Amino acid sequence: MSADPTSAVEVTDLTKIFISGMRKQPLVAVRDLSFSVRPGEVYGLIGPNGCGKSTTMKVMLGLLKPTKGSASIFGQSANEVSSRKDVGFLPENPYFYKHLSGLETLHFYGKLCGMKGSELRDRTNAMLKLVGLESASSRRVGGYSKGMLQRIGLAQALIHEPRLLILDEPTAGVDPVGSRKLRDLILQLKQNGITIVVTSHLLEQMQEVCDRVGIMSNGRMVREGQLEDLISVENQTEFIIENAPPELIAEIRQLTEKAGSKVVSLGKPRTTLERLFIESTVQTGDAEK
Ligand SMILES: Nc1ncnc2c1ncn2[C@@H]1O[C@H](COP(=O)(O)OP(=O)(O)OP(=O)(O)O)[C@@H](O)[C@H]1O
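From a predicted model like this one, the values you see are computed outputs, not experimental measurements. Residue positions are given per chain, counted from 1 along the sequence in the order it is written. Residue-level local features of this predicted model are given only where pLDDT is at least 70; pairs of side-chain atoms are given and counted only at 80 or more, and the full residue set underlies all totals for whole chains, interfaces and linings.

A. Representation of the overall build of the chain. Per the secondary structure count, the chain includes nine helices and ten strands. Counting all 289 residues of the chain, 34% fall into the buried class. In DSSP terms, a helix is any run of H or I states spanning at least four residues, a strand is any run of E spanning at least two, and both are numbered starting from the N terminus. The burial criterion counts other C-beta atoms lying within 10 Å of a residue's C-beta, which is placed from the backbone; the residue is buried at 20 or more, exposed at 12 or fewer, and partly exposed between these limits.

B. Summary view of the domain arrangement of the chain. Each domain of the chain was delimited in the assignment, giving domain 1 (39–66 + 73–232 + 279–286) and domain 2 (233–269). Reported domain spans reflect what an automatic or database domain assignment gives. Distance from the C-alpha centre of domain 1 to the C-alpha centre of domain 2: 41 Å.

C. Quick peek at the site of the ligand. Around the ligand, a shell composed of Phe18, Ser20, Leu27, Ala29, Gly47, Asn49, Gly50, Cys51, Gly52, Lys53, Ser54 and Thr55 is seen. If you list the elements that add at least two residues to the shell around the ligand, you get strand S1 (9–20), strand S2 (25–37) and helix H1 (53–60). Among the elements that line the shell around the ligand, the one with the most residues is H1, at three residues. Residues were grouped as follows: Ala, Val, Leu, Ile, Met, Phe, Trp, Tyr, Cys and Pro as nonpolar; Asp, Glu, Lys and Arg as charged; and all remaining residues, including Gly, as polar. Classifying every residue of the shell around the ligand gives four nonpolar, seven polar and one charged. Only the C-beta atom matters for this test: placed from the backbone, it must lie within 6 Å of a molecule or strand for the residue to be near it.

D. Inspection of the packing of helix H4 (residues 146–158) against helix H5 (residues 176–191) at higher detail. Packing of H4 against H5 brings their axes to within 9 Å, and their N-to-C directions diverge by 15°. For the element pair H4 / H5, the angle class is roughly parallel. Where H4 crosses over H5, the handedness of that crossing is left-handed. Contacts between H4 and H5 involve Lys146, Gly147, Gln150, Arg151 and Leu154 on the former and, on the latter, Gly178, Lys181, Leu182 and Leu185. Here the residues of the contact of H4 with H5 are counted per class, giving three nonpolar, three polar and three charged. The angle between two axes is taken between their N-to-C directions and runs from 0 to 180 degrees, where each axis is a line fitted to C-alpha atoms and a helix contributes only its stretch in contact. For classification, angles of less than 35 degrees are called roughly parallel, those exceeding 145 degrees roughly antiparallel, those between 65 and 115 degrees roughly perpendicular, and all remaining angles oblique. Left-handed describes a crossing whose near helix is turned anticlockwise from the far helix by less than a right angle; the clockwise case is right-handed. This entry defines residue contacts through backbone-placed C-beta atoms, with two residues in contact when those atoms are within 7 Å.

E. Structural context of the pairing of strand S9 (residues 212–217). Relative to S9, strand S3 (residues 42–46) is paired through four bridges, and the arrangement is parallel. Across the sheet, the residue bridging to Tyr43 is Arg212, located in S9. For two strands to be treated as a pair, DSSP must find no fewer than two bridges joining them. Of the pairings in the sheet, the one linking S9 to strand S10 (residues 220–226) comprises six bridges and is antiparallel in character. Across the sheet, the residue bridging to Ile215 is Arg223, located in S10.

F. Examining unusual backbone geometry more closely. Positive phi values are uncommon outside glycine, yet Asp13 reaches one of about 45°. Among the secondary structure elements, Asp13 is positioned in strand S1. Not every positive phi belongs to a glycine, and Glu161 is a case in point at roughly 55°. The topology assignment puts Glu161 in the loop between H4 and strand S7 (164–168).

G. Quick peek at the confidence of the model for the chain. Taken over all residues, the pLDDT of the chain has a mean of 90, while the share at 70 or more is 96%. Taken over the whole predicted complex, pTM reads 0.85, whereas the ipTM for its chain interfaces reads 0.96. A residue's pLDDT is the predictor's confidence in that residue, given on a scale from 0 to 100.

H. Structural context of the UniProt feature "domain: ABC transporter" (unreviewed entry) in the chain. Mapped onto the present numbering, the UniProt feature "domain: ABC transporter" (unreviewed entry) falls on residues 9–243. Split by type, residues 9–243 is 31% helix and 28% strand. Its first and last C-alpha atoms lie 47 Å apart. UniProt positions are given in the numbering used here, feature names are shortened, and annotations may be inferred rather than shown by experiment.

I. Summary view of the sheet that holds S7. Spatially, six strands are ordered S6-S7-S8-S3-S9-S10 in an open sheet, and the strand pairing comes out mixed. Of all strands in the sheet, those bounded by a partner on one side alone are strand S6 (87–90) and S10. Across this sheet, the average inter-strand angle for adjacent strands is 15°, counted without regard to direction. Examined bridge by bridge, S3 and strand S8 (residues 195–199) share four bridges and lie parallel to one another. Paired with Leu45 across the two strands is Thr199, which belongs to S8. Sheet strands in contact with H4 are S6 and S7, and its direction is about 160° off that of S6. This element, H5, spans S3, S7 and S8 of the sheet and lies at about 150° to S8.

J. Representation of the sheet that holds S1 within the structure. One open sheet accounts for four strands, arranged S2-S1-S4-S5; its pairing is antiparallel. With partners counted over all chains shown, the strands left at the sheet margins are S2 and strand S5 (76–77), one partner each. With two bridges joining them, strand S4 (residues 68–73) and S5 adopt antiparallel strand pairing. Counterpart to Ile73 in the pairing with S5 is Gln76. Against the sheet, H1 contacts S1, S2 and S4, and its axis sits at roughly 115° relative to S1.

K. How the structure looks around the nonpolar core. Counting residues in each nonpolar core, the largest one holds 59 residues, and the members touching the most others are Ala155 and Ile166. Sort the elements by how many residues they give to this core and H4 lands first, with seven residues. Ignoring anything within four residues of it in the chain, the contact list for Ile166 reads Met57, Met60, Leu61, Val87, Phe89 and Val197. One nonpolar core equals one set of buried Ala, Val, Leu, Ile, Met, Phe, Trp, Tyr and Cys residues connected by C-beta atoms within 7 Å.

Encoded structure:
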């Protein structure tokens, strides 16, 4: 079956079986998995530990060969080395040479991608600016916080201007302020037209950045769809009113009952613990790392 060139990612009937252990037992990590990612969307791949997310990503990156089925990137088989020029990857725990500065790290990866001279300099500076690490660019990455490491990792993944970004647990272990920055960056990259496939166990964060999600279990896709469709409660409507006097609320109640409907809940919307955390730590200047 030929790949759809209009999809950013097309995974078709993918099965991956590992043969491992002393007794060479087969382990089915991914089973008949099919999904596609449209250009420009943020697609979340979620599921419990060991359900096959990383294996799927590795096949998309051409790091693992499928036992059956295929994966393609912008219409090109993921087995082709040339498909990788369109892909940037941020692993969960990216490894960097600790003695290099942030700037040197990006120079190193830019050179690996064949850049040099003013192109390399301009792209490196643009990426440092994008991820907010300009002022820390001459510091050794060995001294970077986890949040800063993930951001330099994101800059590295973007250095060659890929159209698709694959992020494995990008905010795991990062504090709320750093995590907020990363999620804002993901949303900004999406606005710039970059397609993103992301995995995470932090479901609230996924809910905030993803357009569509696929839920995997035991190597299979068990639910998939537009996030809004998957999480909206079909028979309920919510509206939030500012400065509502008690009379207005009483009137809405009466109208609702008259129409034969029911007010399920009424109260003040809450701020999130995340917003409270960020506001409090920004005030004390601890949020700049
Ligand atoms: N190289 C390998 N050899 C043998 N088994 C493997 C290999 N890689 C993964 N597996 C097994 O395949 C299954 C799926 O693993 P995978 O890493 O894809 O899951 P995951 O959803 O990414 O999990 P996590 O959320 O913990 O990262 C697991 O049972 C895992 O132990």
